[in-house]
Amino acid sequence: MKVLGDEQALIGARVRLVERIAAGDVVLSSRIAEAFLNVPRHVFTPVFYRRESGDRFVPWRADDVDSADGADGTWWDAVYSGESLITEVDGVHAEHAPPGGVFGVPTSSSTAPDLMADMLDALDPAPGARVLEIGTGSGYNTALLSRLVGAENVTTVDHTPHLVDTARERLRTAGFAPDVALTDGVRGWAPNAPYDRLIATASVPHVPDAWLEQCAPGAVLVVPLKGTLAGGSIAWLKKLPDGTAAGRLMHTPAAFMPLLPDTDVTEGRPRPARPVAGHAADETRTSALTPRVLDDWTFSFFAQLHLEPHTTRTFTHTDGRHTTILRTPDSHATTVTETERGAEVAWSGGRDLWAPIERARRLWLDLNRPRREWFTIEVAPAGQHIRLAAPDGHTYAWTL
């Protein structure tokens, strides 16, 4: 990997990154800004993918920079651009990919710094606070946490041996030595509990019980929540003296990759539905609502709350028309195909899975398209709920 010959150029790159973050929606505190200024991102992302045609991803290294001065090369521009950087595609880490690239779907990335900054600010990582990070990834966020609270107070976990080993090495290179553990993130890390702060860098459909159990009373948790639809959210929670937690959703949409494919199985809950062969339709009807409505992150978050547990969605675009398929673990399936006047709905198994989406859309419009930050969240062993208090005094509640 090339090293910048001019230290001032590297400092300038970090300054520009902080300026880009501050120019967006994030109001940077001086401590968060100082962390981004002093922690180099390129140490943790020496190789990442750039998307070329379709679903082809080509590894990009600092050595690929054509410019004689790396600081002015496009690779360095990308590292400090403020964008998320894809580091893994279908389980293939960028440093292991052949020069010609790989085909597939991104499965790990270095989060966009502006979103990182927003989550870190919400976490309020006071010096000396004991922090558990779920999802080490590249180690960049771990380094920022180490700068903010002291590396001796940071525990970070990941389920991938390669990520754990490389992150530990890169953290050492950057001058940090937090506790980096190999484990299933849904279990947290009990040996270093209790924690004053918990932050996750991968999404979960609900807050795992172990995370709350391992936090001390008064602890703050920042957790990305996402089901099968687009438009995930970030929950800000505070653990209460009775062992439960309460908070609200942050305003920022988030599309974090899932923590693990079988998160719910780990907790002894039913396995989410998997795509299966198509079913012959039992009934059909038309709908004024097209499947494209689920591509709208502002609505799909709300629609997700109305779906049956573990419903999955797959979708395709054929001849310019959008088709969505919804499935449940008990073999109910609904196909919604875009038409010139709306959509054709076909279902099997006795339940029309598109009807709840239509009802959700009507309620969403009646509630004046509620923003994420209007919703509150409660987490307890007996259940997890998202609530919305309407201006007329009525409170709506949904179970995660």
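Before reading further, recall that the structure is shown in the block above.
The structure reproduced in this document is the subject of the present report. All values derive from a computational prediction rather than experimental measurement. Numbers given for residues are sequential positions, taken from 1 along each chain in its written order. In keeping with the model being predicted, local features are shown solely for residues with a pLDDT of at least 70 and side-chain atom pairs are shown and tallied solely at 80 or more, while totals for entire chains, interfaces and linings include all residues. Processing note: side-chain calculations cover all non-hydrogen atoms of the structure and skip hydrogens and water entirely.

**Some words on the side chain of Glu 358**
Logical step 1: Note on conventions: DSSP H or I runs of at least 4 residues are helices, E runs of at least 2 residues are strands, and numbering of each starts at the N terminus. Here Glu 358 shows up in helix H10 (residues 355-366).
Logical step 2: For the exposure calls, accessible area comes from a 1.4 Å probe over protein chains only, and a residue counts as buried if that area is under 20% of its type's maximum, exposed if over 50%, partly exposed in between. Of the residues examined, Glu 358 reaches a relative accessible area of 14% and is grouped as buried.
Logical step 3: In terms of polar contacts, Glu 358 uses its side chain to reach the side chain of Arg 285, at 2.7 Å. Within 3.5 Å is the distance limit for a polar contact, defined as a pair of N or O atoms, with the added protein rule that one can donate a hydrogen and the other accept it, and that residues adjacent in sequence qualify only through two side-chain atoms.

**Considerations on the sheet that holds strand S17 (residues 333-338)**
Logical step 1: In this analysis, strands are considered paired if DSSP registers two or more bridges between them. Across the sheet, which stays open at both edges, the 5 strands sit in the order S14-S18-S17-S16-S15 with antiparallel pairing between neighbours. In this open sheet, the two edge strands, each paired with only one partner strand, are strand S14 (283-287) and strand S15 (312-318). On average, each strand axis in the sheet is tilted by 15° relative to the strand beside it, whichever way the strands run.
Logical step 2: Taken together, the 6 bridges between S17 and strand S18 (residues 343-348) define a ladder with antiparallel strand orientation. Within S18, the position partnered with Thr 334 by the bridge is Trp 347. Helix axes use the C-alpha atoms of the stretch in contact, all axes being lines fitted to C-alpha atoms, and the angles between their N-to-C directions lie in the range 0 to 180 degrees.

**A word on the pattern of salt bridges**
Logical step 1: In what follows, salt bridge is the name for a side-chain nitrogen of Lys or Arg lying within 4 Å of a carboxyl oxygen of Asp or Glu. For the coordinates displayed, the defined rule picks out 15 salt bridges.
Logical step 2: Between Arg 321 and Glu 340 there is a salt bridge; the shortest N-O distance is 3.9 Å. With Arg 321 in strand S16 (residues 321-327) and Glu 340 in the loop between S17 and S18, this residue pair connects regions lying 19 residues apart in the sequence.
Logical step 3: The shortest N-O distance in the salt bridge between Arg 351 and Asp 330 comes to 3.1 Å. One end of the pair, Arg 351, is in the loop between S18 and H10; the other, Asp 330, is in the loop between S16 and S17, with 21 residues separating them in the sequence.
Logical step 4: Take Arg 351: its relative accessible area is 30%, and that puts it in the partly exposed class.
Logical step 5: Each of Arg 285, Asp 352 and Glu 358 takes part in one network of salt bridges that share partners.

As far as function goes, none of this settles anything; it's purely spatial.
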